[in-house]
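These are the residues of each chain, in order.
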Amino acid sequence: MSAFLLRRALTLLLTLLATSALVFLVLEILPGNAAELLLGPDAAPEAVAALADKLGLNQSAWTRYLQWLWGLLRFELGDSYAYGSPVAELIAERLALTVPLALLAMVLTTVLALSMGVYAAARHRRAGDIGMMVFSQLGIAIPNFWFAILLILLFAVKLQWFSAGGFPGWSEAQGGGFLQALQALLLPAVALAVVQAAILSRITRSAMLEVLREDFMRTARAKGLSARQALWGHGLRNAMIPVLTVMGLQFANLLAGTIVVENVFTLPGLGRLIFQAIANRDLVVVRNCVMLLAALVVIVNFVVDVLYALIDPRIKTAAL
(Lines give C-alpha, C1' and ligand atoms only; values in the text may rest on other atoms or scores of the structure.)
Protein backbone atom coordinates (compact mmCIF):
# COMPACT_ATOMS: atom_id res chain seq x y z
CA MET A 1 0.00 0.00 0.00
CA SER A 2 2.89 2.39 0.79
CA ALA A 3 4.43 1.90 -2.67
CA PHE A 4 1.02 2.47 -4.25
CA LEU A 5 0.55 5.74 -2.36
CA LEU A 6 4.11 6.84 -3.15
CA ARG A 7 3.61 6.36 -6.89
CA ARG A 8 0.31 8.19 -6.81
CA ALA A 9 1.83 11.04 -4.77
CA LEU A 10 4.71 11.38 -7.26
CA THR A 11 2.21 11.53 -10.12
CA LEU A 12 0.30 14.18 -8.17
CA LEU A 13 3.38 16.40 -7.77
CA LEU A 14 4.42 16.07 -11.42
CA THR A 15 0.89 16.89 -12.55
CA LEU A 16 0.78 19.99 -10.35
CA LEU A 17 4.13 21.15 -11.73
CA ALA A 18 2.97 20.69 -15.33
CA THR A 19 -0.29 22.45 -14.52
CA SER A 20 1.52 25.44 -13.04
CA ALA A 21 3.66 25.80 -16.17
CA LEU A 22 0.59 25.59 -18.42
CA VAL A 23 -1.41 28.11 -16.37
CA PHE A 24 1.49 30.58 -16.32
CA LEU A 25 2.17 30.18 -20.06
CA VAL A 26 -1.47 30.66 -21.10
CA LEU A 27 -1.82 33.83 -19.04
CA GLU A 28 1.54 35.14 -20.28
CA ILE A 29 0.46 35.13 -23.92
CA LEU A 30 -2.73 37.12 -23.27
CA PRO A 31 -2.66 40.53 -24.96
CA GLY A 32 -2.63 43.75 -22.98
CA ASN A 33 -0.73 45.16 -20.04
CA ALA A 34 -1.95 45.20 -16.44
CA ALA A 35 -0.26 48.55 -15.74
CA GLU A 36 -1.98 50.20 -18.70
CA LEU A 37 -5.34 48.79 -17.65
CA LEU A 38 -4.98 49.97 -14.05
CA LEU A 39 -3.91 53.49 -14.96
CA GLY A 40 -6.27 53.94 -17.90
CA PRO A 41 -5.72 54.76 -21.58
CA ASP A 42 -4.83 58.40 -20.86
CA ALA A 43 -1.97 57.63 -18.45
CA ALA A 44 1.47 58.96 -19.24
CA PRO A 45 3.96 56.40 -20.60
CA GLU A 46 6.33 57.20 -17.72
CA ALA A 47 3.65 56.36 -15.16
CA VAL A 48 2.81 53.11 -16.94
CA ALA A 49 6.49 52.14 -17.06
CA ALA A 50 6.94 52.96 -13.36
CA LEU A 51 3.93 50.88 -12.35
CA ALA A 52 5.04 47.99 -14.57
CA ASP A 53 8.44 48.08 -12.88
CA LYS A 54 6.80 48.14 -9.43
CA LEU A 55 4.62 45.15 -10.31
CA GLY A 56 7.59 43.23 -11.68
CA LEU A 57 6.19 43.07 -15.20
CA ASN A 58 9.53 44.07 -16.74
CA GLN A 59 11.26 40.91 -15.52
CA SER A 60 11.65 37.92 -17.79
CA ALA A 61 8.84 35.35 -17.89
CA TRP A 62 11.16 32.62 -16.59
CA THR A 63 12.12 34.74 -13.56
CA ARG A 64 8.52 35.57 -12.75
CA TYR A 65 7.52 31.90 -13.11
CA LEU A 66 10.21 30.74 -10.67
CA GLN A 67 9.28 33.53 -8.24
CA TRP A 68 5.65 32.46 -8.44
CA LEU A 69 6.52 28.80 -7.77
CA TRP A 70 8.65 29.80 -4.78
CA GLY A 71 5.77 31.90 -3.50
CA LEU A 72 3.36 28.97 -3.90
CA LEU A 73 5.62 26.76 -1.81
CA ARG A 74 5.66 29.39 0.95
CA PHE A 75 1.95 30.29 0.51
CA GLU A 76 2.97 33.83 -0.44
CA LEU A 77 0.86 34.63 -3.49
CA GLY A 78 1.68 38.31 -3.86
CA ASP A 79 -0.63 41.32 -3.89
CA SER A 80 -3.58 41.92 -6.17
CA TYR A 81 -3.10 44.59 -8.83
CA ALA A 82 -6.68 45.84 -8.53
CA TYR A 83 -7.42 45.38 -4.81
CA GLY A 84 -3.96 46.14 -3.47
CA SER A 85 -4.35 43.45 -0.78
CA PRO A 86 -2.67 40.02 -0.45
CA VAL A 87 -4.09 37.46 -2.87
CA ALA A 88 -4.00 34.76 -0.17
CA GLU A 89 -6.40 36.80 1.98
CA LEU A 90 -8.75 37.43 -0.95
CA ILE A 91 -8.85 33.73 -1.85
CA ALA A 92 -9.30 32.58 1.76
CA GLU A 93 -12.19 35.02 2.20
CA ARG A 94 -13.94 33.80 -0.95
CA LEU A 95 -13.28 30.11 -0.27
CA ALA A 96 -15.35 30.45 2.90
CA LEU A 97 -18.34 30.62 0.56
CA THR A 98 -17.30 28.60 -2.49
CA VAL A 99 -16.13 25.45 -0.67
CA PRO A 100 -19.35 25.06 1.39
CA LEU A 101 -21.36 25.74 -1.76
CA ALA A 102 -19.49 23.06 -3.74
CA LEU A 103 -19.68 20.55 -0.86
CA LEU A 104 -23.40 21.15 -0.39
CA ALA A 105 -23.96 20.70 -4.12
CA MET A 106 -21.85 17.52 -4.07
CA VAL A 107 -23.87 16.08 -1.17
CA LEU A 108 -27.13 16.82 -2.97
CA THR A 109 -25.70 15.33 -6.17
CA THR A 110 -24.57 12.14 -4.45
CA VAL A 111 -27.82 11.58 -2.54
CA LEU A 112 -30.01 12.21 -5.58
CA ALA A 113 -27.86 10.27 -8.05
CA LEU A 114 -27.28 7.15 -5.95
CA SER A 115 -30.93 6.97 -4.91
CA MET A 116 -32.22 7.38 -8.45
CA GLY A 117 -29.59 5.14 -10.03
CA VAL A 118 -30.12 2.22 -7.64
CA TYR A 119 -33.89 2.66 -7.81
CA ALA A 120 -33.87 2.61 -11.61
CA ALA A 121 -31.57 -0.44 -11.79
CA ALA A 122 -33.80 -2.36 -9.37
CA ARG A 123 -36.80 -1.61 -11.61
CA HIS A 124 -35.11 -2.14 -14.94
CA ARG A 125 -37.41 -1.45 -17.93
CA ARG A 126 -40.34 -0.64 -15.65
CA ALA A 127 -42.07 2.68 -15.00
CA GLY A 128 -39.59 3.83 -12.34
CA ASP A 129 -36.63 3.15 -14.63
CA ILE A 130 -38.21 4.96 -17.57
CA GLY A 131 -39.17 7.93 -15.40
CA MET A 132 -35.64 8.25 -14.06
CA MET A 133 -34.18 8.12 -17.57
CA VAL A 134 -36.53 10.88 -18.72
CA PHE A 135 -35.62 13.03 -15.70
CA SER A 136 -31.90 12.52 -16.21
CA GLN A 137 -32.15 13.41 -19.88
CA LEU A 138 -33.92 16.66 -19.00
CA GLY A 139 -31.34 17.40 -16.32
CA ILE A 140 -28.45 16.94 -18.73
CA ALA A 141 -30.09 19.23 -21.30
CA ILE A 142 -30.64 22.14 -18.87
CA PRO A 143 -27.73 24.61 -18.45
CA ASN A 144 -26.83 25.53 -14.88
CA PHE A 145 -27.33 29.26 -15.32
CA TRP A 146 -30.77 28.84 -16.96
CA PHE A 147 -31.96 26.50 -14.22
CA ALA A 148 -30.62 28.97 -11.63
CA ILE A 149 -32.72 31.75 -13.18
CA LEU A 150 -35.81 29.49 -13.08
CA LEU A 151 -35.20 28.77 -9.39
CA ILE A 152 -34.95 32.51 -8.68
CA LEU A 153 -38.18 33.23 -10.56
CA LEU A 154 -40.07 30.45 -8.75
CA PHE A 155 -38.75 30.45 -5.19
CA ALA A 156 -37.55 34.06 -4.83
CA VAL A 157 -39.91 36.10 -7.01
CA LYS A 158 -43.10 34.00 -7.09
CA LEU A 159 -43.13 32.18 -3.73
CA GLN A 160 -40.68 34.50 -1.94
CA TRP A 161 -39.25 31.63 0.13
CA PHE A 162 -35.65 32.61 -0.57
CA SER A 163 -33.77 35.78 -1.41
CA ALA A 164 -32.87 36.36 -5.06
CA GLY A 165 -29.18 36.71 -4.30
CA GLY A 166 -26.52 37.94 -1.93
CA PHE A 167 -24.88 36.29 1.05
CA PRO A 168 -25.50 37.37 4.68
CA GLY A 169 -22.34 35.79 6.13
CA TRP A 170 -21.73 32.85 8.44
CA SER A 171 -21.76 34.76 11.73
CA GLU A 172 -23.99 37.29 13.43
CA ALA A 173 -21.11 39.75 13.40
CA GLN A 174 -21.28 39.72 9.59
CA GLY A 175 -25.02 40.36 9.69
CA GLY A 176 -26.17 36.80 9.13
CA GLY A 177 -25.78 33.41 10.79
CA PHE A 178 -25.33 29.73 9.99
CA LEU A 179 -28.96 29.04 9.07
CA GLN A 180 -29.28 32.24 7.05
CA ALA A 181 -26.06 31.46 5.17
CA LEU A 182 -27.16 27.89 4.49
CA GLN A 183 -30.49 29.15 3.19
CA ALA A 184 -28.69 31.58 0.84
CA LEU A 185 -26.58 28.71 -0.56
CA LEU A 186 -29.44 26.22 -1.00
CA LEU A 187 -30.80 27.45 -4.34
CA PRO A 188 -27.31 27.84 -5.91
CA ALA A 189 -26.42 24.35 -4.67
CA VAL A 190 -29.58 22.90 -6.22
CA ALA A 191 -28.83 24.69 -9.49
CA LEU A 192 -25.37 23.10 -9.52
CA ALA A 193 -26.48 19.68 -8.31
CA VAL A 194 -29.36 18.87 -10.64
CA VAL A 195 -27.29 18.63 -13.83
CA GLN A 196 -24.53 16.66 -12.09
CA ALA A 197 -27.06 14.33 -10.43
CA ALA A 198 -28.67 13.62 -13.80
CA ILE A 199 -25.31 12.48 -15.22
CA LEU A 200 -24.23 10.51 -12.15
CA SER A 201 -27.58 8.72 -11.83
CA ARG A 202 -27.19 7.28 -15.33
CA ILE A 203 -23.66 6.09 -14.53
CA THR A 204 -24.92 4.53 -11.27
CA ARG A 205 -27.77 2.81 -13.07
CA SER A 206 -25.48 1.31 -15.72
CA ALA A 207 -22.94 0.13 -13.12
CA MET A 208 -25.66 -1.41 -10.95
CA LEU A 209 -27.18 -3.26 -13.91
CA GLU A 210 -23.77 -4.85 -14.57
CA VAL A 211 -23.40 -5.86 -10.92
CA LEU A 212 -26.92 -7.29 -10.68
CA ARG A 213 -26.01 -9.82 -13.39
CA GLU A 214 -23.09 -11.20 -11.33
CA ASP A 215 -23.23 -14.57 -9.59
CA PHE A 216 -22.40 -13.17 -6.13
CA MET A 217 -25.66 -11.20 -6.15
CA ARG A 218 -27.66 -14.40 -6.62
CA THR A 219 -25.55 -16.02 -3.90
CA ALA A 220 -26.34 -13.16 -1.52
CA ARG A 221 -30.06 -13.64 -2.11
CA ALA A 222 -29.70 -17.41 -1.69
CA LYS A 223 -28.11 -16.84 1.75
CA GLY A 224 -31.32 -15.17 2.88
CA LEU A 225 -30.59 -11.48 2.34
CA SER A 226 -33.53 -9.36 1.27
CA ALA A 227 -33.48 -7.64 -2.10
CA ARG A 228 -32.81 -4.28 -0.40
CA GLN A 229 -29.93 -5.69 1.67
CA ALA A 230 -28.31 -7.35 -1.34
CA LEU A 231 -28.82 -4.25 -3.46
CA TRP A 232 -27.36 -1.69 -1.05
CA GLY A 233 -24.99 -3.92 0.93
CA HIS A 234 -23.34 -5.86 -1.91
CA GLY A 235 -24.41 -4.34 -5.22
CA LEU A 236 -23.69 -0.66 -4.64
CA ARG A 237 -20.19 -1.17 -3.23
CA ASN A 238 -19.13 -3.25 -6.23
CA ALA A 239 -20.63 -0.67 -8.59
CA MET A 240 -18.78 2.27 -7.01
CA ILE A 241 -15.60 2.18 -9.14
CA PRO A 242 -17.06 3.90 -12.22
CA VAL A 243 -19.29 6.02 -9.99
CA LEU A 244 -16.30 7.34 -8.01
CA THR A 245 -14.51 8.20 -11.25
CA VAL A 246 -17.38 10.40 -12.38
CA MET A 247 -17.80 11.89 -8.89
CA GLY A 248 -14.20 13.04 -8.91
CA LEU A 249 -14.67 14.73 -12.27
CA GLN A 250 -17.98 16.21 -11.16
CA PHE A 251 -16.44 17.92 -8.17
CA ALA A 252 -14.20 19.75 -10.62
CA ASN A 253 -17.26 20.68 -12.67
CA LEU A 254 -18.99 21.99 -9.55
CA LEU A 255 -16.04 24.24 -8.73
CA ALA A 256 -15.95 25.54 -12.29
CA GLY A 257 -19.73 25.91 -12.33
CA THR A 258 -19.61 28.24 -9.36
CA ILE A 259 -18.12 30.94 -11.62
CA VAL A 260 -21.44 31.22 -13.47
CA VAL A 261 -23.84 30.41 -10.63
CA GLU A 262 -22.19 32.79 -8.16
CA ASN A 263 -22.62 35.61 -10.66
CA VAL A 264 -26.28 34.72 -11.19
CA PHE A 265 -26.94 34.81 -7.43
CA THR A 266 -24.42 37.66 -6.82
CA LEU A 267 -22.52 35.54 -4.29
CA PRO A 268 -19.10 36.89 -3.22
CA GLY A 269 -17.28 33.61 -3.80
CA LEU A 270 -14.20 32.46 -5.66
CA GLY A 271 -16.04 32.28 -8.97
CA ARG A 272 -17.09 35.91 -8.76
CA LEU A 273 -13.55 36.89 -7.75
CA ILE A 274 -12.16 35.17 -10.86
CA PHE A 275 -14.76 36.89 -13.05
CA GLN A 276 -13.88 40.31 -11.65
CA ALA A 277 -10.14 39.64 -11.85
CA ILE A 278 -10.42 38.68 -15.53
CA ALA A 279 -12.35 41.88 -16.22
CA ASN A 280 -9.63 43.91 -14.45
CA ARG A 281 -6.82 41.85 -16.00
CA ASP A 282 -5.59 41.20 -12.47
CA LEU A 283 -3.34 38.33 -13.58
CA VAL A 284 -1.94 37.68 -10.11
CA VAL A 285 -5.41 36.82 -8.82
CA VAL A 286 -6.42 34.93 -11.96
CA ARG A 287 -3.23 32.85 -12.01
CA ASN A 288 -3.47 31.83 -8.36
CA CYS A 289 -7.22 31.14 -8.47
CA VAL A 290 -6.91 28.97 -11.59
CA MET A 291 -3.96 27.13 -10.06
CA LEU A 292 -5.98 26.53 -6.90
CA LEU A 293 -8.89 25.09 -8.86
CA ALA A 294 -6.54 22.90 -10.90
CA ALA A 295 -4.80 21.70 -7.72
CA LEU A 296 -8.15 20.83 -6.15
CA VAL A 297 -9.08 18.79 -9.23
CA VAL A 298 -5.77 16.90 -9.15
CA ILE A 299 -6.01 16.27 -5.40
CA VAL A 300 -9.60 15.02 -5.72
CA ASN A 301 -8.50 12.58 -8.41
CA PHE A 302 -5.67 11.42 -6.11
CA VAL A 303 -8.21 10.78 -3.34
CA VAL A 304 -10.37 8.86 -5.81
CA ASP A 305 -7.39 6.66 -6.71
CA VAL A 306 -6.85 5.88 -3.03
CA LEU A 307 -10.53 5.08 -2.60
CA TYR A 308 -10.26 2.69 -5.56
CA ALA A 309 -7.63 0.72 -3.67
CA LEU A 310 -9.74 0.66 -0.52
CA ILE A 311 -12.85 -0.50 -2.35
CA ASP A 312 -11.16 -3.00 -4.68
CA PRO A 313 -7.78 -4.38 -3.46
CA ARG A 314 -7.13 -5.80 -6.93
CA ILE A 315 -6.42 -2.26 -8.19
CA LYS A 316 -3.72 -1.75 -5.56
CA THR A 317 -2.12 -5.09 -6.43
CA ALA A 318 -2.17 -4.38 -10.17
CA ALA A 319 -0.60 -0.93 -9.64
CA LEU A 320 2.29 -2.46 -7.74
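Residues numbered from 1 in each chain as written. Predicted model: local features only at pLDDT ≥ 70, side-chain atom pairs only at ≥ 80, totals over all residues. Heavy atoms only, no water.

A. Main features of the overall build of the protein chain. Scanning the protein chain from N- to C-terminus turns up 14 helices and 0 strands. Counted from the first residue to the last, the protein chain has its helices and strands arranged as α-α-α-α-α-α-α-α-α-α-α-α-α-α. Across the 320 residues of the protein chain, 41% fall into the buried class. Surface exposure of the protein chain reaches about 17,200 Å², of which carbon and sulfur atoms provide 66%. (Helix = DSSP H or I, 4+ residues; strand = E, 2+ residues; numbered from the N terminus. Buried < 20%, exposed > 50% of the residue type's maximum accessible area, 1.4 Å probe, protein only. Areas by Shrake-Rupley, 256 points an atom, 1.4 Å probe, with all protein chains shown as cover.)

B. Highlighting a nonpolar patch on the surface. On the surface, Phe-145, Trp-146, Ile-149, Leu-150, Leu-153, Val-157 and Val-260 cluster together into a nonpolar patch covering about 620 Å² of accessible area. Ranked by residue count, the leading element in the nonpolar patch is helix α7 (residues 144-158), at 6 residues. Topologically, Ile-149 is positioned in helix α7. (Patch = residues over 30% accessible without salt bridge, like charges linked within 9 Å, V, L, I, M, F, W, Y side chains within 5 Å. Salt bridge = Lys/Arg side-chain N within 4 Å of Asp/Glu carboxyl O.)

C. Representation of the environment of Gln-59 within the structure. By the element assignment, Gln-59 lies in the loop between α3 (45-55) and α4 (61-73). Given the relative accessible area of 35%, Gln-59 is considered partly exposed.

D. Inspection of the packing of aromatic side chains at higher detail. Inspection of the entire model under this criterion finds 6 aromatic pairs. With 5.9 Å between their ring centres and 40° between their planes, Phe-155 and Trp-161 make a pair best called tilted. Given the relative accessible area of 53%, Trp-161 is considered exposed. Ring centres 6.2 Å apart and planes at 85° place the aromatic pair Phe-155 and Phe-162 in the edge-to-face group. Assessed through its relative accessible area of 18%, Phe-162 is described here as buried. (Phe/Tyr/Trp six-rings, centres within 6.5 Å; stacked < 30°, edge-to-face > 60°.)

E. Here's a closer look at helix α5 (residues 87-122). For α5, built from 36 residues, the straight-helix expectation of 52 Å at 1.5 Å per residue is met to within 8% by its first-to-last C-alpha distance of 50 Å. At Leu-95, α5 shows its largest kink, close to 40°. (Expected span 1.5 Å × (residues − 1). Bend = angle between axes of the 7 residues up to and from the residue.)

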